[in-house]
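Residue-level structural notes
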Amino acid sequence: MPQRPILVYPDPRLKQVCAPVERFDEALQQLAADLRETLLSVPGTGLAAPQIGVLLRLIYIDSSRSPKYAESSSGPLWLVNPQIVERSGAKRFREGCLSLPQFTANVKRARRIVVTAQDCTGAPLRLDVEGFEAVLLQHEIDHLDGVLFIDRVEDLGSTRLREPASDD
Ligand code: NI
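Remember, it's a predicted structure, so these values are computed and weren't measured experimentally.

Here we come to the overall build of the protein. Regarding its fold elements, the protein presents two helices and eight strands. The secondary structure elements of the protein, listed N-terminal to C-terminal, are α-β-β-β-β-β-β-β-α-β. Principal-axis analysis of the C-alpha atoms places the extent of the protein at approximately 45 × 30 × 30 Å. The buried share of the protein, reckoned over its 168 residues, is 46%. Looking at the protein as shown, the accessible area adds up to about 8500 Å², and 52% of this sits on carbon and sulfur atoms. Both charge centroids of the protein, one from 20 positive and one from 23 negative side chains, sit 5 Å from each other.

See below:
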């Protein structure tokens with residue numbers, strides 16, 4: 001089962017708190033591959049497992065898919081059980097989401113974060129990122145707690161219908 005349908009709000013699965021990944025088995029490798037395949041099928045830079053209906057703490061990001069941020073990108077990354085352990089600064093950024101395809105809005109996030117996680121084999125990972133990648137990670141990690149960017153919008157006046165060519 002490679003590419004899977006992306007759930008769209010208000011699907012109730014998008015509002016659930018996901019369970020930690022405990023088994024780094026064949027099923028996890030398949031899920032990781034499906035997340036990547038699914039993201040590759042659409043314009044976007046990140047996807048969380050609940051967006052394809054699997055309520056486990058796994059995200060996949062690839063900020064190099066955004067032409068604007070490709071240069072500073074760490075490239076494609078899977079993060080299992082990610083946790084933000086440090087936050088600093090503030091950044092306001094216009095966000096979109098594959099599960100809310102019609103809207104974008106300004107969201108305030110930390111400018112720099114440190115994330116600990118595991119890779120798909122269970123090995124520990126630590127990332128220190130800032131700017132777009134930090135925003136992207138905060139957005140995807142939020143999905144694992146059932147939080148969508150619209151839950152964090154401070155200024156509803158910044159909500160806009162998505163322009164056809166925009167990219168998250
Ligand atoms: Ni999203």
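What follows concerns the sheet that holds strand 1 (residues 46–48). With antiparallel pairing, the five strands of this open sheet are ordered in space as 1-2-3-6-7. In this open sheet, the two edge strands, each paired with only one partner strand, are strand 1 and strand 7 (124–130). Looking at each pair of strands side by side, their axes are set apart by 40° on average, direction ignored. Across six bridges, the pairing between strand 3 (residues 77–88) and strand 6 (residues 112–118) is antiparallel. Bridge pairing in strand 6 links R87 to I113. Of the strands in this sheet, strand 1, strand 2 (58–61) and strand 3 are in contact with helix 1 (residues 26–40), which crosses strand 2 at around 40°.

Turn by turn, an α-helix covers 3.6 residues, leaving residues three or four places apart pointing in a common direction. A rise of 1.5 Å per residue sets the reference length of helix 1, with its 15 residues, at 21 Å; its end C-alpha atoms lie 21 Å apart and thus fit the reference within 8%. When helix 1 is considered as a whole, its buried residues turn out to be L28, L31, A32, D34, L35, T38 and L39. Mapping the buried residues of helix 1 onto a view down its axis gives an arc of 160°, with all of them on the same face. Its buried side turned inward, helix 1 meets strand 1, strand 2 and strand 3.

Moving on to the pairing of strand 5 (residues 100–109). One ladder, built from six bridges, connects strand 4 (residues 91–97) with strand 5; its direction is antiparallel. Bridged to C97 within strand 5 is L100. Linkage of strand 4 to strand 5, two consecutive antiparallel strands, is achieved through a turn of two residues. In terms of strand pairing, strand 5 meets strand 8 (residues 160–161) through two bridges, oriented antiparallel. The residue of strand 8 that forms the bridge with F103 is L161.

Calculation rules
- Residues numbered from 1 in each chain as written.
- Predicted model: local features only at pLDDT ≥ 70, side-chain atom pairs only at ≥ 80, totals over all residues.
- Heavy atoms only, no water.
- Helix = DSSP H or I, 4+ residues; strand = E, 2+ residues; numbered from the N terminus.
- Buried < 20%, exposed > 50% of the residue type's maximum accessible area, 1.4 Å probe, protein only.
- Areas by Shrake-Rupley, 256 points an atom, 1.4 Å probe, with all protein chains shown as cover.
- Lys, Arg positive; Asp, Glu negative; His and termini not counted.
- Charge placed at Lys NZ, Arg CZ, Asp CG, Glu CD.
- Pairing = 2+ DSSP bridges.
- Axes fitted to C-alpha atoms, helices over the stretch in contact; angles between N-to-C directions.
- Contact = heavy atoms within 4.5 Å.
- Expected span 1.5 Å × (residues − 1).
- Arc of directions from axis to C-beta.

Read these as geometric descriptors, not functional statements.
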